[in-house]
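# Residue-level structural notes
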Amino acid sequence: MEENQALREENQALREENQALREENQALREENQALRESTAQAASDDSGSLQEQVKQVGTMLKTFARTGQSGADQTLMLRRLGEFGDVVRSMDNKMDTMLQHFSANVSVGELSLPGDLLLPLDTQEDLALLDNSLRQDKELQERFLRFLAIKCGRDLKTTVWRMLQSIFSNHLSINTTWTGVGDKACFRDMFLKTIVQRAIRKNPATQDATDEAIQVNVTRYLKGASDREGGKRRRTAERDPQPTP
């Protein structure tokens, strides 16, 4: 009798455990269905906030880690992650634009440069002419400062690269160094250096940049010019030519 009672109790426990598992599976199916519906809705709603996007991606990752997903669900998750990345990049661009206008703090009309000043510059002669004009013309200094201020980014490297790219063609960058080695232009001794430093510090994100940090980033930009616009690829091809058939 006692043995039969023990078996009945064990069977009852197994039935209860099975029922609990069925309920858990049902809850997971409902959660996955709700997740798919919310994901589809979010994908069709471009005005969804970044916070909602983060919540949806987080929920999807938690569900995936707990239950495992089919190939279709994995594809859906990857697509949502891609959409989330697009939202972040879009917000990055908007933040950059807002930061640039905040740094300049002027109207669009005040950002124009003299009509005879064509940028980016391509020769050392044009660079020397601009530098001399900046030394002598305070109005040009202020206009050029405002022009550079809208090139700012959210870190020092981005800010320096955007500013120099707007001033120097790649050809001129190759022929300019910080110290002016050989017959190259010397950025260190230019009045333009002072204008660039002031413009960098008008940017709230880089207002505390030191002279040394600016020098490092300017040097890297100029030094890397020979690798840009296919330069590195051409040198590699010249060094390791492909055998002719």
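This one's a predicted model, so the numbers in the text were calculated from it and none came from an experiment.

How each quantity is defined
- Residues numbered from 1 in each chain as written.
- Predicted model: local features only at pLDDT ≥ 70, side-chain atom pairs only at ≥ 80, totals over all residues.
- Heavy atoms only, no water.
- Core = buried A, V, L, I, M, F, W, Y, C linked by side-chain atoms within 4.5 Å.
- Buried < 20%, exposed > 50% of the residue type's maximum accessible area, 1.4 Å probe, protein only.
- Helix = DSSP H or I, 4+ residues; strand = E, 2+ residues; numbered from the N terminus.
- Contact = heavy atoms within 4.5 Å.
- Axes fitted to C-alpha atoms, helices over the stretch in contact; angles between N-to-C directions.
- Parallel < 35°, antiparallel > 145°, perpendicular 65-115°, else oblique.
- Nonpolar A, V, L, I, M, F, W, Y, C, P; charged D, E, K, R; others polar.
- 1 Å grid on protein atoms, 1.4 Å probe; cavity = no way out; pocket = protein on both sides within 12 Å on 5 of 7 lines; lining within 4 Å.
- Points joined across faces, edges and corners; volume = space filled by probe spheres on them.

## Side note on the nonpolar core
Membership of the largest hydrophobic core comes to 32 residues, with the highest contact counts inside it found for F144, L148, F187 and L192. Listing elements by their share of this core, those giving two or more residues are helix 4 (124-136), helix 5 (138-149), helix 6 (156-167), helix 8 (191-202) and helix 9 (211-223). Those residues in contact with L192, other than ones at most four positions away along the chain, are L127, D131, L134, F144, I167, F168 and F187.

## Let's talk about the packing of helix 4 against helix 8
Packing of helix 4 against helix 8 brings their axes to within 8 Å, and their N-to-C directions diverge by 70°. Overall, the two elements helix 4 and helix 8 adopt an arrangement that is roughly perpendicular. When helix 4 is examined against helix 8, the residues L127, D131, L134 and R135 are found in contact with a partner set consisting of F191, L192 and I195. Looking at side-chain class alone, the contact of helix 4 with helix 8 contains 5 nonpolar, no polar and 2 charged residues.

## Concerning the layout of surface pockets
Its volume calculated, the largest pocket comes out at about 280 Å³. In terms of lining residues, the largest pocket is bounded by 13 residues, among which D116, L117, L129, L130 and S133 are the most central. If you list the elements that add at least two residues to the lining of the largest pocket, you get helix 4 and helix 5. Counting residues per element, the lining of the largest pocket draws most heavily on helix 4, at 4 residues. Of the residues assigned to the lining of the largest pocket, the class counts are 7 nonpolar, 1 polar and 5 charged.

## Notes on the packing of helix 5 against helix 6
Put simply, helix 5 and helix 6 touch, their axes get as near as 9 Å, and they point 125° apart. One finds that helix 5 runs oblique with respect to helix 6. Contacts between helix 5 and helix 6 involve F144, F147 and L148 from the first element and M163, S166 and I167 from the second. Within the contact of helix 5 with helix 6, the residues separate by chemical class into 5 nonpolar, 1 polar and no charged.

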